[in-house]
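Residues per chain, in single letters:
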Amino acid sequence: IHYNRVVINETFDGVLVTAQSLKKFTGTAERPIVAVFDTGLTGGLLIRDFWDVMQRKMIEINKNPITDTEDKSDTIHCFQSVSLSIKQSTTPQGSLHIEGNPQVTATSSSTSACEIASSLEISPHLFYIDPIDLDWFDDDHSAPYVII
């Protein structure tokens, strides 16, 4: 079991991201963003769908794209910083339930926010944001975007 919370918004390299703002890049219904906490990580991981959407968003606004392959065919964005505003809750609501039937719920009892941030500037040898392929959800197109 991992602790998790619904994300109100994230800022990647100065670009504000919300579940609603990502609809433009997916063409699908709004999907919540959820932070899953893993104390064994020094950086961050974006579930593959979230990574792909964020790459499209950052490259579209031309935010520090780099070429990742020798043949210069694969342009990616290398993240330099991230900050999260997450919902706090004193109840299990607002949590992502991974075991069994995954779901995300949020209620008005989850209104205050906690800020979490890191960057290459703060932690040059430990900070990273990478993609990860996980099979936590039955339907990748309606599952939440997950940052670990």
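Treat the numbers as computed from the prediction; the structure is a model and nothing was measured.

Cut-off values and rules
Residues numbered from 1 in each chain as written. Predicted model: local features only at pLDDT ≥ 70, side-chain atom pairs only at ≥ 80, totals over all residues. Heavy atoms only, no water. Helix = DSSP H or I, 4+ residues; strand = E, 2+ residues; numbered from the N terminus. Buried < 20%, exposed > 50% of the residue type's maximum accessible area, 1.4 Å probe, protein only. Contact = heavy atoms within 4.5 Å. Pairing = 2+ DSSP bridges. Salt bridge = Lys/Arg side-chain N within 4 Å of Asp/Glu carboxyl O. Expected span 1.5 Å × (residues − 1). Phe/Tyr/Trp six-rings, centres within 6.5 Å; stacked < 30°, edge-to-face > 60°. Patch = residues over 30% accessible without salt bridge, like charges linked within 9 Å, V, L, I, M, F, W, Y side chains within 5 Å. Areas by Shrake-Rupley, 256 points an atom, 1.4 Å probe, with all protein chains shown as cover.

Concerning the environment of Ala29
Turning to its location among the elements, Ala29 is positioned in the loop between helix H1 (23-26) and strand E3 (33-37). Residues Ala29 and Ser142, 113 residues apart in the sequence, show an inter-C-alpha distance of 7.6 Å.

Let's talk about the environment of Glu30
On the secondary structure map, Glu30 appears in the loop between H1 and E3. On the basis of relative accessible area, Glu30 is assigned to the partly exposed category, the value being 46%. Setting aside residues up to four positions removed in sequence, Glu30 forms contacts with Ala19, Gln20 and Lys23.

Brief notes about the pairing of E3
With 4 of its 5 residues buried, E3 lies for the most part within the structure. One ladder, built from 4 bridges, connects strand E1 (residues 3-12) with E3; its direction is antiparallel. In the strand pairing of E3, Tyr3 is matched with Phe37.

Let's talk about unusual backbone geometry
For Asp13, which is not glycine, the phi dihedral falls at a positive 50°. Within the secondary structure layout, Asp13 lies in the loop between E1 and strand E2 (15-17).

Digging into the pattern of salt bridges
Summed over the entire model, instances satisfying the criterion amount to 2 salt bridges. With a closest N to O distance of 3.6 Å, Arg31 and Asp49 form a salt bridge. Placement of Arg31 in the loop between H1 and E3 and of Asp49 in helix H2 (residues 48-60) is noted, with a sequence separation of 18 residues between them. Judged by its relative accessible area of 6%, Arg31 falls in the buried class.

Here's the deal with the environment of Asp135
One can find Asp135 in the loop between strand E9 (129-132) and strand E10 (145-147). Sequence separation between Asp135 and Ile47 is 88 residues; the distance between their C-alpha atoms is 9.5 Å.

A word on H2
With 13 residues, H2 should reach 18 Å at 1.5 Å per residue; the first-to-last C-alpha distance of 18 Å fits that figure. Every buried residue belonging to H2 is among Phe50, Trp51, Val53, Met54, Gln55, Lys57 and Met58, and all of these are buried.

Points about the packing of aromatic side chains
For the structure shown, the criterion picks out 5 aromatic pairs. Ring centres of Phe12 and Phe50 lie 6.2 Å apart, and the angle between their planes is 80°; on these two criteria the pair is classed as edge-to-face. Placement of the pair is Phe12 in strand E1 and Phe50 in helix H2, with a sequence separation of 38 residues. On the basis of relative accessible area, Phe12 is assigned to the buried category, the value being 0%. A residue is classified by how much of its surface remains accessible, and Phe50, at 0% relative accessible area, is buried. Plain terms: the ring middles of Trp136 and Phe137 are 6.5 Å apart, the flat faces sit at 70° to each other, and that makes the pair edge-to-face. On the basis of relative accessible area, Phe137 is assigned to the buried category, the value being 10%.

Focus: a nonpolar patch on the surface
A surface patch of nonpolar side chains, about 330 Å² in accessible area, is lined by Tyr3, Phe37 and Ile116. Examined against the element boundaries, Ile116 turns out to sit in strand E8 (residues 113-119). Residue Ile116 is classed as partly exposed on the basis of its relative accessible area of 33%.

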